[in-house]
Structures are given as structure tokens and as C-alpha cells.
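Examination of the molecular architecture
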Amino acid sequence: MGAATIIVLVVVKECINERFKSKMFMPIPTELLVVVGMTGISYASNLEKMFHVPVVGEIPTGFPKPTAPEMSLFPDMIGETIAIAIVAWVLNIGIAEILAKKHDQEIDADQELVALGSAHVFGSFFSCFPGCNALARSLVQENMGGVTQLAGLFSCTIVLVVMLWLGPLLYALPNSVLAAIILVCLKGMYLQYYDLKLLWSVSKLDWLVWLVTWLAVCLTDVDIGLGIGVTFNLLTLIARTQL
């Protein structure tokens, strides 16, 4: 089902939406149609029990009751908290810069910091996990034509509806379908590897920083990889000033 999802997404996006976008009122919401269609097929064919296909499973409905954060746990979490905050901030600004550059927009880092901090303070009373921009989800939304704050409003509304009422209907959605959607939407990020040749001709040190950071993230984890990348970048800056 994952392979079928990729084929459908690529054909519709590249052969229909891209080719006829000037004549269409809005692009075909392929991701939404694929999710609905594949969920129906999975449910009708009973793929989970017949072929042991991993599915999303039960999605809890409703909101948790608001409670004050447990401050007694803070001393034990201070190290992880700082690491999560740094990674969330870097990812938030990094993805925002990528999309802003694509649409000729500008990012106010201070405003982003206030928005991210406010969301975390409010979410802490509802047992929310730390959040920031997600590359895959941001690209999915951008590929579907969401380029303003209204896209975020509609996304939140859909999530709210799913949380309150529609969650059980997505029980049979295969995990491979979600993975395929993310894979197709990351196409633009994959193509950035072609920029390495240009980066090598512009600055070999910057090319080396990119390579070291990428390898560190792949071989360790995001927070450790970013720390290694930042440290290596500082070392290259020191080397440049001494040469």
C-alpha cells in the first residue's frame, strides 16, 4: 500500500496539479483523498488481521483535564529540558527559514521565540509534549498549498475534530500510507543534495560543516548531532581567524 500511495501521489502531483495548476481553482488534495481511500480499503479488506499490516490503531478522543505542571520534577529534567529547547528552537527557525526563502518571506526570530514559548507555557497545563515545526508535516502542508496562517487554523480545526469525534474512524489507516506521504513530501529536501556541488565551489569549509553535521545527526541523534555540528562550526571559525 505504501508503494501504491507513492505512485498515486507522484502522478497526481507531477502530472496533474503541477501541469494544470494555472487552470485549477485549487490543487487536488491528494494526501487527504489517499488517507480516506486507503483507510476504507484497509477496513474493508481487514488487512490488519488477514495480513498483519501495521495500522494506526486506536486514537484516544477528548481533552485531558488541565493540571498544573509538576514542578518537583524540574531539577531532574533540567538537562534534558535545555537540550530539547535548543533543538526545538533550531528546528523551528531552520524550517521557517527554508519555507520563507521559498516564498520570498522574512522571519522575525523574536516573534517566533515568543510564539513558541507561549505555546509551551499554555500546553504545559494539558500534559502536552514539547513541540516545534516538524519538517515532514510542514512540507506536507506547504505542498498542499498552505502558505498563510489560515492553513494552520484549518489544520488545528481538523486535529480538533479528529481528537473529539473522528479518531476511531482512522483506526484502520496503514502506517505505510503515512510513511509514503511523508516520503513524497520530502522530495524537495532530497533534491538539496545537488546543492553540495555548488557549496563545495563556494566554501569547502562550509561544505565540511554540512557533511559533519549530517553524519553526526544520522549516526547519533538530533540533539547530539546539532551539538557536534555547532562545535565543529566554531572550530572552523577559529581556524579561519588564525589563517
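In this report, the structure presented in the accompanying data block is examined. (Residues numbered from 1 in each chain as written. Predicted model: local features only at pLDDT ≥ 70, side-chain atom pairs only at ≥ 80, totals over all residues. Heavy atoms only, no water.)

1. Here's the deal with the overall build of the chain
When helices and strands are counted, the chain shows 12 helices and 0 strands. Counting helices and strands in the order they occur from the N terminus, the chain gives α-α-α-α-α-α-α-α-α-α-α-α. Of all 243 residues assigned to the chain, the portion counted as buried reaches 22%. Counting only contacts in the chain whose residues sit at least 6 apart along the sequence, the fraction spanning at least 24 positions is 72%. A distance of 13 Å separates the average location of the 13 positive side-chain charges in the chain from that of its 19 negative side-chain charges. (Helix = DSSP H or I, 4+ residues; strand = E, 2+ residues; numbered from the N terminus. Buried < 20%, exposed > 50% of the residue type's maximum accessible area, 1.4 Å probe, protein only. Contact = heavy atoms within 4.5 Å. Lys, Arg positive; Asp, Glu negative; His and termini not counted. Charge placed at Lys NZ, Arg CZ, Asp CG, Glu CD.)

2. As for the environment of Asn143
Mapped onto the secondary structure, Asn143 falls in helix H6 (residues 135-143). Asn143 gets classed as partly exposed once you look at its relative accessible area, which sits at 31%. Excluding residues that lie within four positions of it along the chain, Asn143 makes contacts with Lys13 and Cys185.

3. Things to note about the packing of helix H1 (residues 2-17) against helix H2 (residues 30-45)
Close contact between H1 and H2 brings their axes to 10 Å; oriented N to C, the two are set at 150 degrees. With respect to H2, the axis of H1 lies roughly antiparallel. Considering the relative orientation of H1 and H2, their crossing is right-handed. Contacts between H1 and H2 involve Ala4, Thr5, Val8, Leu9, Val12, Lys13 and Asn17 on the former and, on the latter, Thr30, Glu31, Val34 and Met38. Taken together, the residues of the contact of H1 with H2 break down into 6 nonpolar, 3 polar and 2 charged. (Axes fitted to C-alpha atoms, helices over the stretch in contact; angles between N-to-C directions. Parallel < 35°, antiparallel > 145°, perpendicular 65-115°, else oblique. Left-handed = near helix turned anticlockwise from the far one by under 90°. Nonpolar A, V, L, I, M, F, W, Y, C, P; charged D, E, K, R; others polar.)

4. A short note on the packing of H2 against helix H8 (residues 175-185)
Relative orientation of the contacting elements H2 and H8 amounts to 165 degrees, with a least axis distance of 10 Å. In terms of orientation, H2 lies roughly antiparallel with respect to H8. The two elements H2 and H8 meet at a crossing, and its hand is right-handed. For the pair H2 and H8, contact is made by Glu31, Val34, Val35 and Met38 and by Val177, Ile181 and Cys185, respectively. Its residues assigned to classes, the contact of H2 with H8 comprises 6 nonpolar, no polar and 1 charged.

5. Some details on the environment of Gly2
Locating Gly2 in the fold gives a position in helix H1. A relative accessible area of 15% places Gly2 in the buried class. Put simply, Gly2 and Gly188 are 186 residues apart on the chain and 19 Å apart in space, counted from C-alpha to C-alpha. Residue contacts for Gly2: discarding those within four places in its chain leaves Ser176 and Ala180.

6. Digging into the side chain of Thr236
You can see Thr236 is positioned in helix H12 (residues 222-242). Here Thr236 falls in the buried class, since its relative accessible area comes to 5%. Apart from residues lying up to four places away in sequence, Thr236 is in contact with Leu205 and Val209.

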